[in-house]
Amino acid sequence: MTAHRPLPKQTQPQMPTQTNTSKTLKTLAVVLLAIAVLFTAYVAGKRGLANAWYYQAEYFYSDWEQSSTVGSQPRYHTAVNALDKALSLDPSHPEYWHLMGRLKLLGANVGY
C-alpha cells in the first residue's frame, strides 16, 4: 500500500504588506509632527505666561493712572518685577517695553 500525500490547500492571494521603508516613513512623519506640536505648545505657553505677567503689571499701572496716585512702593516693585518676568519670557514684545518705560517714568516722578 502506498501512502497518499494530502493535496496542497489552495490559498487566497494575500494583500501585499507594507514595506519597511513605508513603515519607517510613517513613523518619521509621526515623530516630526509630534515634535512640531510640542514646540508650538512650548512657544504658546511661554507667550501666554509672559502675557499673564504683563497684564498684572498693566493692571497696577492702569489703577494708578485712573486714581491719579501711585500705590505703595512694594506694589510698584511688584509691577516692575512682573514686567521683568514678562520681558524675560518674551523680550521682543514691544508693548512690554512700552509699559516698562511708563512704569520707570512713573517711579522716577514719585521717587521710587
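Higher on the page you've got the structure.
This structure is a prediction, so every number in the text was calculated from the model and none was measured.

Our focus in this paragraph is the packing of aromatic side chains. Within this structure, the stated rule accounts for 6 aromatic pairs. Ring geometry for F60 and W64: centres 5.9 Å apart, planes at 15 degrees, overall stacked. In this pair, F60 and W64 are both assigned in helix α1 (residues 20-67), 4 residues apart and thus about one turn of the helix distant. Aromatic rings pair up to connect Y59, F60, W64, Y76 and Y112 into one cluster.

Taken as a whole and assessed by the stated rule, the structure comprises 2 salt bridges. With its nearest N and O atoms 3.6 Å apart, the salt bridge here joins D90 to R47. One end of the pair, D90, is in the loop between α2 (73-89) and α3 (94-110); the other, R47, is in helix α1, and 43 residues separate them in sequence. Residue D63 pairs with R75 through a salt bridge whose shortest N-O separation is 3.9 Å. In this pair, D63 sits in helix α1 while R75 sits in helix α2, placing the two residues 12 residues apart along the sequence.

Helix length check: α1 (48 residues) gives 70 Å between terminal C-alpha atoms against 70 Å at 1.5 Å per residue, within 8%. In this structure, the buried side of α1 is in contact with α2 and α3. Phi for S68, located one or two positions after α1, is positive at around 60 degrees.

Criteria and thresholds
- Position numbers for residues start from 1 in each chain and track the written sequence from start to end.
- Residue-level local features of this predicted model are given only where pLDDT is at least 70; pairs of side-chain atoms are given and counted only at 80 or more, and the full residue set underlies all totals for whole chains, interfaces and linings.
- The basis for the side-chain values is all heavy atoms of the structure; hydrogens and waters are excluded.
- Only the six-membered ring of Trp is used, alongside the rings of Phe and Tyr, when aromatic pairs are assigned; centres must lie within 6.5 Å, and planes under 30 degrees apart are stacked while those over 60 apart are edge-to-face, with the rest tilted.
- Counting from the N terminus, the helices are the DSSP runs of H or I reaching at least four residues and the strands are the DSSP runs of E reaching at least two.
- What makes a salt bridge here is a side-chain nitrogen of Lys or Arg within 4 Å of a carboxyl oxygen of Asp or Glu, nothing more.
- Helix span, expected: 1.5 Å multiplied by one less than the number of residues in the helix.
- Should any heavy atoms of two residues lie within 4.5 Å, those residues are considered in contact.

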